[in-house]
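Here is how the chains run, residue by residue.
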Amino acid sequence: MATEAEGTGLEFHPMNQFIVKPLFGDGPVQWYTPTNVTLWMGIILLCVVGLFVFGTRGRAIVPNRVQSIAELGYGMVHKMVEDVTGKDGLKYFPYIMCLFLFIAFANMLGLLPKAFTVTSHIAVTGVLALAVFISVTVIGFVKNGTHFLGLFWVTSAPLALRPILAIIEVISYFVRPVSHSIRLAGNLMAGHAVIKVFAGFAAIALVSPLSIAAVVAMYGLEVLVAFIQAYVFTILTCVYLKDALHPGH
Amino acid sequence: MFSLLQEAATTAVEHSEEVAEHGAEAAGQAVDAAAHGAEAASGAGMPQLDFSTFPNQIFWLVVTMLVLYWVLSRVALPRIAAVLSDRQGAITGDLMAAEEFKQKAKDAEAAYDAALAEARSEAQKIVAANRAEIQKQLDAAIADADAEIAARTVESEKRIGEIRASALADSQSVARDVTAELVRVFGGNADQGQIDGAVDSRLKGVQQ
């Protein structure tokens, strides 16, 4: 992807920002190697802890600014879980909150210049989506037993159509983790790559104002996308959880 | 956005084919990628598909998520939940207290109204009593005055009667004297008793 146009001096390396590299030295990336993934996940962790632990340490009845933001985030996800899955889904609220905060902070921090966006990697989003998929399926079978299979058997449809619908439902069920993870990683990766491409054009003096304007516009859009994708990932998790807790249409 | 990803993926696939076709170029790419510290052999330009980094990313993701989950579920979320429920409790308590105060204010207002009404009726009672008292005094004064007036009237009438009687007597004696003098002047010698009788009979006609 490192397309180089030697003649004009333009260099495009839009994908280099996604390269996983060790923090120390140039050795191979082992599973335990501290890499830029480690660094940025650590930063995400620090930010979440800063906002949600240090920000709320006052435990004030009348909150200060930081505590208000933490409460706002808490309230938003809590309401989402309650609205979508119902009261019995609140048991899983910490996990969903965890997902939301991780993705939201990863997306937002990834927008900083020179940052590494961990959620732009399919390995990360894939694991998150698979974890949701597996836990939701397990919850579905544990809570409802074989009744959970009723999710695939659309009783409101005519009997003749039900087997066909069942096949479609099963396929769509197993496609969930794929779409769930690729939606997130794809959005992030594409947005960041596009910004990089526009930034590359800034080397030409004539088009640089246009290029910078485009970068600014894309950046604004990416801020929106960063939040929306975190929100979408979270609300889809809630929807899947609702299917597991209350199968049937 | 998604179509861009597909495009990128397609490009990556095409690129890998290209790499296979042109060995020299592929070597160049590999060197380029290695310079950036990535083992781009299997990724072929798209770091997301470089499977050699997957264990690393997944390991650190799992570590991060475990720590994050621990921090959130043990510290942050219970704390925020406690703060929110405290606040809810405080608000409910305040509202109840406000309701109580409102009720108290209403009670106080009712008590005030009752006291006011009582005071008013009391005042009216006092006014009525005073008025009756004054009326009584007034009546007594009027009766006294009437009695006084009646007494004085009687006295005055008596005096008027006396004056009238004395005036009559005076006029009678004057008439008798004048008559006797007249009779004497005209040369008559009348008996005093006759003159008196004539004058009296005449005066009776006048007095009538």
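This is a predicted model, so every value here is computed, not measured. (Residues numbered from 1 in each chain as written. Chains lettered and ligands numbered in written order. Predicted model: local features only at pLDDT ≥ 70, side-chain atom pairs only at ≥ 80, totals over all residues. Heavy atoms only, no water.)

Some remarks on the environment of Leu245(A)
Residue and element names in this part refer to chain A.
- With respect to the element layout, Leu-245 can be found in helix 6 (residues 208-245).
- On the basis of relative accessible area, Leu-245 is assigned to the buried category, the value being 8%.
- Put simply, Leu-245 and Val-136 are 109 residues apart on the chain and 8.6 Å apart in space, counted from C-alpha to C-alpha.
- When sequence neighbours within four positions are dropped, the list of residues in contact with Leu-245 reads Thr-85, Asp-88, Gly-89, Tyr-92, Ile-139, Lys-143 and Asn-144. (Helix = DSSP H or I, 4+ residues; strand = E, 2+ residues; numbered from the N terminus. Buried < 20%, exposed > 50% of the residue type's maximum accessible area, 1.4 Å probe, protein only. Contact = heavy atoms within 4.5 Å.)

Here's the deal with the interface of chain B and chain A
- The interface of chain B with chain A comprises 44 residues on the first partner and 60 residues on the second.
- Surface buried jointly by chain B and chain A totals about 4,700 Å² across both partners, of which 75% is contributed by carbon and sulfur atoms.
- For the pair chain B and chain A, the number of links is 1 salt bridge.
- Among the salt bridges present, the one from Arg87(B) reaches Glu71(A), with a minimum N-O distance of 2.8 Å.
- The tally of links from chain B across to chain A stands at 12 residue pairs in polar contact (both at pLDDT 80 or more).
- Those elements that provide at least two residues to the side of chain B that touches chain A are helix 1 (2-21) and helix 3 (54-185) of chain B.
- Top element by residues in the side of chain B that touches chain A is helix 3 of chain B. It accounts for 26 residues. (Buried area = accessible area lost by both parts, 1.4 Å probe. Salt bridge = Lys/Arg side-chain N within 4 Å of Asp/Glu carboxyl O. Polar contact = N/O pair within 3.5 Å; in protein donor to acceptor, adjacent residues only side chain to side chain.)

Focus on the pattern of salt bridges
Residue and element names in this part refer to chain A.
- Inspection of every chain in the model, using the stated rule, returns 8 salt bridges over all chains.
- For Asp-243, the salt bridge identified is with Arg-176, shortest N-O distance 2.5 Å. Of the two residues, Asp-243 is situated in helix 6 and Arg-176 in helix 5 (residues 162-201); the sequence distance between them amounts to 67 residues. When sorted by exposure, Asp-243 lands in the same class as Arg-176, which is buried.

Considering helix 4 (residues 122-144) of chain A
- Counted at 1.5 Å a residue, the expected span for helix 4 of chain A with its 23 residues is 33 Å, and the 31 Å between its end C-alpha atoms agrees.
- Note on helix 4 of chain A: the residue one or two positions beyond its end, Gly145(A), has a positive phi of about 60°. (Expected span 1.5 Å × (residues − 1).)

Quick word on the packing of helix 4 of chain A against helix 5 of chain A
Residues and elements named next belong to chain A.
- The N-to-C vectors of helix 4 and helix 5 enclose an angle of 150°; their axes lie 8 Å apart at closest approach. As judged from the angle between their axes, helix 4 and helix 5 are roughly antiparallel. The handedness of the crossing between helix 4 and helix 5 comes out as right-handed. Here Ile-122, Thr-125, Gly-126, Ala-129, Leu-130, Val-132, Phe-133, Val-136 and Thr-137 of helix 4 lie close against helix 5, whose contacting residues are Tyr-173, Phe-174, Pro-177, His-180, Ser-181, Ile-182, Leu-184 and Ala-185.
- In terms of residue class, the contact of helix 4 with helix 5 is made up of 12 nonpolar, 5 polar and no charged. (Axes fitted to C-alpha atoms, helices over the stretch in contact; angles between N-to-C directions. Parallel < 35°, antiparallel > 145°, perpendicular 65-115°, else oblique. Left-handed = near helix turned anticlockwise from the far one by under 90°. Nonpolar A, V, L, I, M, F, W, Y, C, P; charged D, E, K, R; others polar.)

Observations concerning the packing of aromatic side chains
Residue and element names in this part refer to chain A.
- Per the stated rule, a full pass over the model turns up 14 aromatic pairs over all chains.
- Measuring from ring centre to ring centre gives 6.3 Å for Phe-148 and Tyr-173, while their planes differ by 75°; the resulting arrangement is edge-to-face. With Phe-148 in the loop between helix 4 and helix 5 and Tyr-173 in helix 5, this residue pair connects regions lying 25 residues apart in the sequence.
- Take Phe-148: its relative accessible area is 1%, and that puts it in the buried class.
- An angle of 85° between the planes, with centres 5.8 Å apart, marks the rings of Tyr-173 and Phe-174 as edge-to-face.
- Ring-pair connections join several aromatic residues into one group, and the members of that group are Phe-133, Phe-141, Phe-148, Phe-152, Tyr-173 and Phe-174. (Phe/Tyr/Trp six-rings, centres within 6.5 Å; stacked < 30°, edge-to-face > 60°.)

Side note on the confidence of the model for chain B
- Mean pLDDT over chain B: 80, with 77% of residues reaching 70 or higher.
- The least confident element of chain B, judged by mean pLDDT, is helix 2 (residues 23-35) of chain B at 43; the most confident is helix 3 of chain B at 93. (pLDDT = per-residue confidence, 0-100.)

Some words on unusual backbone geometry
Residues and elements named next belong to chain A.
- Phi at Arg-59 takes a positive value of approximately 50°, unusual for a residue other than glycine.
- Position of Arg-59 relative to the elements: it lies in the loop between helix 1 (36-54) and helix 2 (65-85).
- Look at Arg-59 and you get partly exposed, because its relative accessible area is 49%.
- Its identity is not glycine, yet Lys-114 carries a phi of approximately 70°, on the positive side.
- In this structure, Lys-114 sits in the loop between helix 3 (93-110) and helix 4.

What about the confidence of the model for chain A?
Residue and element names in this part refer to chain A.
- When pLDDT is averaged along chain A, the result is 90, and 96% of the positions lie at 70 or above.
- Strand 1 (residues 4-5) is the least confidently modelled element of chain A, averaging 46 in pLDDT, while helix 3 averages 95, the highest of any element.
- Below a pLDDT of 50 lies the segment residues 1-7, which in the model reaches 14 contacts outside its immediate sequence neighbourhood of four places, other chains included.

Digging into the packing of helix 2 of chain A against helix 3 of chain B
- In contact at an axis separation of 11 Å, helix 2 of chain A and helix 3 of chain B are set at 95° when each is read in the N-to-C sense. Taken together, helix 2 of chain A and helix 3 of chain B sit at an angle that is classed as roughly perpendicular. For the pair helix 2 of chain A and helix 3 of chain B, contact is made by Gln67(A), Ala70(A), Glu71(A) and Tyr74(A) and by Leu77(B), Ile80(B), Ala81(B), Val83(B), Leu84(B) and Arg87(B), respectively.

Details of the layout of surface pockets
Residue and element names in this part refer to chain A.
- Counted as a void, the largest pocket has a volume near 480 Å³.
- Around the largest pocket, the lining comprises 19 residues; the ones closest to its centre are Gln-17, Pro-113, Lys-114, Ala-115 and Lys-196.
- Elements represented by at least two residues in the lining of the largest pocket include exactly helix 1, helix 5 and helix 6.
- Ranked by the residues each element gives to the lining of the largest pocket, the list is headed by helix 5, at 3 residues.
- Taken together, the residues that form the lining of the largest pocket break down as 10 nonpolar, 6 polar and 3 charged. (1 Å grid on protein atoms, 1.4 Å probe; cavity = no way out; pocket = protein on both sides within 12 Å on 5 of 7 lines; lining within 4 Å. Points joined across faces, edges and corners; volume = space filled by probe spheres on them.)

Concerning the nonpolar core
- Phe52(A), Met97(A), Phe102(A), Val118(A), Leu128(A) and Leu72(B) are the most contacted members of the largest nonpolar core, which totals 64 residues.
- Elements represented by at least two residues in this core include exactly helix 1, helix 2, helix 3, helix 4, helix 5 and helix 6 of chain A together with helix 3 of chain B.
- Top contributing element to this core by residue count: helix 3 of chain A, with 13 residues.
- Among all residues touching Val118(A), those that are not within four sequence positions of it are Val37(A), Trp40(A), Met41(A), Ile44(A), Phe102(A), Ala106(A) and Val124(A).
- Within the second largest apolar cluster, 5 residues are counted, among which are Phe18(A), Met189(A), Ala193(A) and Met46(B). (Core = buried A, V, L, I, M, F, W, Y, C linked by side-chain atoms within 4.5 Å.)

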